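# Chains, contacts and geometry: an overview
Here is how the chains run, residue by residue.
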Amino acid sequence: MKAIFGQHTTKVKQLADLIAQDISTGKYEEEDALPSINQLSRTYHVSRDTVFKAFIDLKARDIIDSTPGKAYYVVNRSKNILLLLDEYSPFKEALYNHLITHLPPRYKVDLWFHQYNERLFNTILSQSLGRYNKYVVMNFDNEKFSPDLYKIDSSKLLLLDFGKFDKRTYSYVCQDFDSAFYKALSQLSDRLKRYRKLVLLLVSGTKHPQSTSVYFQQYCEDKHLEWEVKDRMDKVEVRQGEVYIAIRQVDVVSIIKKARDRGLVCGVDFGLIAYNDAPVYEVIDKGITTLSIDWEKMGALAANFILTGTPVQVYLPTEVHLRESL
């Protein structure tokens, strides 16, 4: 048997992962002796040094151990975890980092991004069935539950972020883009009423749930505030006395640049609110006010599900981080 080694990481790491996968799927049971370094060298067509270093990696993960003069043996089965997220962003990185810091070394997390592509999403899931101990998945749509998710044992699947669809008995840690958004704006009512108009930047093509605009409109009407929803940034002109709520980080940057071109000062001449907090929002200008769930808490809850298998069904609250932009 010749293993096909790619170039995305070292042969040592890939060989260690192959052996760990054999252990996690039951090919080698706890206390079983592993094949010798010479045997694995011949089996995988790699050097003895590569096998030896792979064993060192597996020992560091507490998956195998050895005693002087004896073979390497399995002490703890490794756990393979699929983490399927939508797309990269700073707050998704916070989620990932908090997840892996809560897991022991023997837990190997494979991170994939589906980029809101349904076909890619289904392909990754179908090719992953039976290969992982737990599946932590961000769906590609807030309204639609992928049929391929039904193929996964509900005790092994945790849904993240999106979740307005019927989640049945599946565990989930999600955010509410509707009433929680309304409540977060309500916490800012004393500040928002100082402005003559609120503008929601919900650009066409973004995968942020469109229902947010319904609750935005309802809030403005309840508070007797003038409002507008913009679906194109090229048609947005920053004006004095308006508040802009930006879903995407790139739109936050665009608003600030357009304002500077007109000599307008953020937090003085106009207001700005960003959706989903990120470290950069603490330092842009004098700080950008954000509406966000606690992404680190989502990572911690996901880690607890992986470790304990305890079912969880929770919507995280949308928190307000008030800074000088409002």
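Preceding this paragraph is the structure being described.
As a starting point, this report considers the structure included with it.

So, how was this worked out
- Residues numbered from 1 in each chain as written.
- Predicted model: local features only at pLDDT ≥ 70, side-chain atom pairs only at ≥ 80, totals over all residues.
- Heavy atoms only, no water.
- Buried < 20%, exposed > 50% of the residue type's maximum accessible area, 1.4 Å probe, protein only.
- Helix = DSSP H or I, 4+ residues; strand = E, 2+ residues; numbered from the N terminus.
- Arc of directions from axis to C-beta.
- Contact = heavy atoms within 4.5 Å.
- Pairing = 2+ DSSP bridges.
- Axes fitted to C-alpha atoms, helices over the stretch in contact; angles between N-to-C directions.

A separate point is helix α6 (residues 179–187). Of all the residues in α6, the buried ones are Ala180, Phe181, Ala184 and Leu185. Summarising the axial view, the buried residues of α6 lie within an arc of 140 degrees, below the 170-degree limit, and thus occupy one face. Each element contacted by the buried residues of α6 is listed here: α7 (189–192), α8 (211–222), β10 (242–246), β11 (271–275), β12 (289–292) and β14 (319–321).

The next point concerns the sheet that holds strand β5 (residues 134–138). Read across the open sheet, the six strands follow the order β4-β3-β5-β6-β7-β13; overall the sheet is parallel. Sheet topology places β4 (107–113) and β13 (313–316) at the edges, where each strand pairs with a single neighbour. Averaged over all pairs of adjacent strands, the angle between their axes in this sheet comes to 15 degrees, without regard to strand direction. Where β5 meets strand β6 (residues 157–161), four bridges bridge the pair, whose relative direction is parallel. Paired with tyrosine 135 across the strands is leucine 157, a residue of β6.

Two faces, one strand: in a regular strand the side chains alternate between the faces of the sheet. Most of β10 is tucked away: five of the five residues are buried. Burial of β10 is two-sided: the residues Glu242, Tyr244 and Ala246 facing one way and the residues Val243 and Ile245 facing the other way are all buried. Direction of pairing for strand β8 (residues 197–201) relative to β10: parallel, over a ladder of five bridges. Directly across from leucine 201, in β10, lies its bridge partner alanine 246. Two strands pair when backbone bridges link them, and β10 and β11 are joined in this way by four bridges, in the parallel orientation. From the neighbouring strand, isoleucine 245 faces β11, where its bridge partner is isoleucine 273.

In terms of burial, β5 is largely enclosed, as five of its five residues are buried. Bridging between strand β3 (residues 79–85) and β5 involves four bridges; their strand directions are parallel. Paired with leucine 82 across the strands is tyrosine 135, a residue of β5.

What follows is about the sheet that holds β14. A sheet is described by the order of its strands in space; here six strands give the open sequence β9-β8-β10-β11-β12-β14, paired in mixed fashion. The two strands at the open ends of the sheet, each matched to only one other strand, are β9 (226–230) and β14. The mean angle between the axes of side-by-side strands here comes to 20 degrees, regardless of whether they run parallel or antiparallel. Strands β8, β10 and β11 of the sheet are contacted by helix α9 (residues 249–261), whose axis makes an angle of about 165 degrees with β11.

Attention now moves to unusual backbone geometry. Located in the positive-phi region is aspartate 62, a residue other than glycine, with phi close to 65 degrees. Counting through the fold element by element, aspartate 62 comes out in the loop between α3 (48–60) and β1 (64–66). Its relative accessible area of 46% is what places aspartate 62 among the partly exposed residues. Phi at glutamine 115 is positive, roughly 55 degrees, even though this residue is not glycine. Structurally, glutamine 115 is set in the loop between β4 and α5 (118–128).

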